[in-house]
Structures are given as C-alpha cells and as structure tokens.
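# Architecture and fold: a report
One letter stands for each residue in the lines below.
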Amino acid sequence: MGEPVVWLNGAIVAESQARISPRDHGLLVGDGVFESVRITAGQAFAVGRHLARLGRSAAALGLELPPSGELRGAVDAVLAAAGVTEGRLRITATSGPGGFSSARPPGPPTVVVAAEEAPAWSPHVGVVTVPWPRNECGAVAGVKTVSYAENVLALQRAHAAGAGEAIFANTRGELCEGTGSNVFLVRDGRLLTPPLSSGCLAGVTRELALELTDAVEQTLPLASLAEATEAFLTSTTRNVHPISTVDNKPLPACPGPATKAARQAFKELEAQNLDP
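The following refers to the structure shown. Just so it is clear, the model here is predicted, and its values are computed rather than measured. For every chain, the first residue of its written sequence is number 1, and the numbers climb from 1 along that sequence. This being a predicted model, a pLDDT of at least 70 is required before a residue's local features are given, and a value of 80 or more before pairs of side-chain atoms are given or counted; all residues contribute to the totals for chains, interfaces and linings. To obtain the side-chain values, all non-hydrogen atoms of the structure were used and water was disregarded.

## Details of the environment of Ala59
So the rule is basically this: Helix and strand definitions follow DSSP, with helices as H or I runs of at least four residues and strands as E runs of at least two, each counted in order from the N terminus. Three labels apply to residues, based on accessible area from a 1.4 Å probe with only protein chains included: buried if under 20% of the type maximum, exposed if over 50%, partly exposed otherwise in between.
Turning to its location among the elements, Ala59 is positioned in helix H2 (residues 47-61). The exposed category is assigned to Ala59, whose relative accessible area is 57%. Considering only alpha carbons, one finds Ala59 and Val33, 26 residues apart in sequence, at a separation of 10.0 Å.

## Section: the pairing of strand E9 (residues 175-178)
Going by this rule: When DSSP finds two or more bridges between two strands, those strands count as paired.
Relative to E9, strand E8 (residues 165-169) runs antiparallel, the two being bridged by 3 bridges. Bridge assignment links Phe168 to a residue of E9, and that residue is Glu177. Here E8 hands over to E9 after 5 residues, with Gly173 in that stretch at a positive phi of 80°.

## Some words on the pattern of salt bridges
Formally: Each reported salt bridge corresponds to a side-chain nitrogen of Lys or Arg within 4 Å of a carboxyl oxygen of Asp or Glu.
By the definition in use, this model includes 12 salt bridges. One salt bridge connects Arg88 with Glu116, and the closest N-O pair in it is separated by 3.4 Å. Placement of Arg88 in strand E5 (residues 87-94) and of Glu116 in strand E6 (residues 110-117) is noted, with a sequence separation of 28 residues between them. Residue classification places Arg88 among the partly exposed residues on the basis of a relative accessible area of 28%. A salt bridge links Arg134 to Glu150, with the shortest nitrogen-to-oxygen separation between them at 2.7 Å. Of the two residues, Arg134 sits in the loop between strand E7 (125-129) and helix H4 (149-160) while Glu150 sits in helix H4, which places them 16 residues apart along the sequence. Taken together, the shared-partner salt bridges connect Arg49, Glu207 and Glu211 into one network.

## Quick notes on the sheet that holds strand E2 (residues 11-14)
Rules: Should any heavy atoms of two residues lie within 4.5 Å, those residues are counted as being in contact. To get an axis, fit a line to the C-alpha atoms, keeping to the stretch in contact for a helix; angles then go from 0 to 180 degrees between the N-to-C directions.
The sheet built from 6 strands is open, its strands ordered E2-E1-E6-E5-E3-E4 with antiparallel pairing. For this open sheet the edge positions go to E2 and strand E4 (43-44), each flanked by a neighbour on one side alone. Packing against the sheet, H2 makes contact with strand E3 (32-40), E4 and E5, and its axis sits at approximately 175° to E3.

## What to know about helix H3 (residues 68-82)
The cut-off we apply is this: One less than the residue count of a helix, multiplied by 1.5 Å, gives the span that helix is expected to have. Throughout, the arc means the angular range of directions from the helix axis out to the C-beta atoms.
Helix length check: H3, at 15 residues, gives a terminal C-alpha distance of 21 Å against a target of 21 Å (1.5 Å per residue), a fit within 8%. Those residues of H3 that fall on the buried side of the exposure criterion are Leu71, Ala74, Val75, Val78, Leu79 and Ala82. Projected down its long axis, H3 carries its buried residues within an arc of 130°, all on one side. Exposed side chains of H3 directed beyond 90 degrees from the buried face belong to Gly69, Asp76 and Ala80. In the stretch just after H3, Gly83 is the one whose phi turns positive, near 70°.

## Points about the side chain of His241
As a reminder, the rule being used: N or O atoms within 3.5 Å of each other form a polar contact, as long as, within protein, one can give a hydrogen and the other can take it, and as long as residues adjacent in sequence are counted only when both atoms are side-chain atoms.
Within the fold, His241 resides in strand E14 (residues 239-246). In this structure the side chain of His241 is engaged in a polar contact, spanning 2.8 Å, whose partner is the backbone oxygen of Ser122.

## Digging into the nonpolar core
Here is the rule we go by: Working definition of a nonpolar core: buried Ala, Val, Leu, Ile, Met, Phe, Trp, Tyr and Cys residues. They are joined through side-chain atoms within 4.5 Å.
In terms of nonpolar packing, the biggest core is built from 25 residues, with Val33, Val75, Val78, Leu89, Ile91, Val113 and Ala115 touching the most fellow members. Counting residues per element, the ones that place at least two in this core are E3, H2, H3, E5 and E6. Examining the composition of this core, we find that 6 residues originate from one element, H3, more than from any other. Counting residues in hydrophobic clusters, the runner-up holds 15 residues, among them Val125, Val183, Leu192 and Leu225.

## Some thoughts on the packing of aromatic side chains
Convention followed: By convention, a stacked pair of Phe, Tyr or Trp rings (six-membered ring in the case of Trp) has centres within 6.5 Å and planes under 30 degrees apart, an edge-to-face pair has planes over 60 apart, and any other such pair is tilted. In this analysis the charged atom, NZ for Lys or CZ for Arg, is taken to sit over a ring once it is within 6 Å of the ring centre and within 35 degrees of the ring normal.
For the structure on display, the rule yields 2 aromatic pairs. Residues Phe184 and Phe232 carry aromatic rings whose centres are separated by 5.1 Å and whose planes lie at 10° to one another, so their mutual orientation is stacked. In this pair, Phe184 sits in strand E10 (residues 182-187) while Phe232 sits in strand E13 (residues 230-235), placing the two residues 48 residues apart along the sequence. Overall, Phe184 belongs to the buried group, its relative accessible area being 0%. The exposure class assigned to Phe232 is buried, which follows from its relative accessible area of 1%. Above the plane of the ring of Phe45 lies Arg38, whose end atom (NZ or CZ) is 5.0 Å from the centre. Across the ring face of Phe168, the terminal group of Arg134 is positioned such that the distance to the ring centre comes to 3.9 Å.

## Some details on the pairing of E3
Most of E3 is tucked away: 9 of the 9 residues are buried. Side chains of E3 alternate between two faces, with Gly32, Phe34, Ser36, Arg38 and Thr40 and Val33, Glu35, Val37 and Ile39 buried alike. Pairing geometry for E3 and E5, over 8 bridges, is antiparallel. Its bridge partner lying in E5, Arg38 is registered against Arg88. Examined bridge by bridge, E3 and E4 share 2 bridges and lie antiparallel to one another. Considered in E4, the bridge of Ile39 is made with Ala44. Joining the antiparallel neighbours E3 and E4 is a turn of 2 residues, in which Ala41 adopts a positive phi near 55°.

As structure tokens, then:
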C-alpha cells in the first residue's frame, strides 16, 4: 500500500501534503464535529445514517457542511484511493481558521475525510465506572464534537485499571455511556439501554440495536450495570461487544443469550444491506 491519502476541502491529497491552519478553530477550541464509519470488505457501513447524524451535530453547533452528496463522494473517493479493507473512516468538520478566542470564525469550514486499518476487538471487554459525570443538560450533550479530552482521561483511567472502556454516569447518577460506546444490559429478563435524555450519544449502532432486538430505553442507576445478568457495548467499530467485568466484578454471563442474539442480528443485517 502506498502513502496514505485524505480528502481535504474538496480534493484527494497525500496525507504528508495535507495542510490545516494552526489557527483552525477545531484545533484551538474543539469547535467541530466528526463521524467514525466502519469499513468492512472495503465498503462503508451505514454511511447514510452517519452522514445524517453528522448533519444533526453540525446543526447543533451552527456549523455549515458541504452538501451530503459531496460528502458521500468524498467517502467513496477515499475508500477507492486508500485501499483499506477492514478499518474505520473518519469525517471531521470544523468551523475553519480564525482567531485565538472562542468567537466563531466566519468560515469556510475545514472538512477532512480519512481512512485507516483497525485491529479486531478482543472477544469481550472489561469496563470500569469513572467519577466524572456527563452533563445531560450541557450545551453539547448528545452532540458528537471533537472535544474529547474528557474521554481521553477516562479511557486512560480504564486502561490503568486493566479495563478496555470507561463508563460514565450523568449528573443525576444515572447510567449514561462509555467514552466511545453505548451500553446495553439485561435486568429482570429485559434488554435495556439508557434513553437519550440521560445525555448519551445517539449512537448509530445503538439505533440499529434498538431496531434489531427487543431492547427498550429505560432510565437506570449506574449501579445497575454491575448488577446485570449480562451486558454489552455498541459502537461503530465494536458492533456488539460483550462486557465481561464491571469494576473487576465478573458478570454472570459473557456473552449471554441476549448478546449472542444481537450479534447474530447484526451479522445478518450486514449480509443483506451495508447501508441500512
């Protein structure tokens, strides 16, 4: 494989030649949004849903994006040029270069589409809860912004504890989400996941899981995760990822029957439709 390439503001360029201003507002203040799209067999999965969510995130921040058709073309161009078979594709959009203050620059935006190979996830994952709450009432609650420093710190804490993901509560002490994943659990025989009102991100894989299984949204205390009979994470690259331990406490089943059924449903969906 040759030198990596990216789509930058309308053109495919070699990654080494890509130039973004040191005054870009995404770099300076995190004023931007993004999407990660799974690449399977050289094709993007659920790209339509990801572009729709990117549009919602951009609208929440008041960012202007290129037309959806242009972004789809950028995705296709990167997939064709990058040669990635199994991995992830990232679409990043910022408000563009401006000053050093928080004041929004006048535009135009900076838009980057890039792809990379990604290793397979482990068969299961341990998680730890962290003491920093998500603010379900915040201005960017539920918006997929590039401001991920809080996630970086939480994931570092999880790795230091020998776990693979960190789980947040919200300010009310309710189960919310992971640093890059949504949470499902079985309680009293029912498959449950926190509602969007908890402050969690409206994950594309979460949305599909709700459509493919009998899961329902329910407000849950953070402690319910450790008390679950089984649980799993969903995310773009994980799909359905069984949780083995919560704060070093093993769950009774990993994977349990609900997790196995969800994984099978995703496998069947992918075989039928890569852009559901």
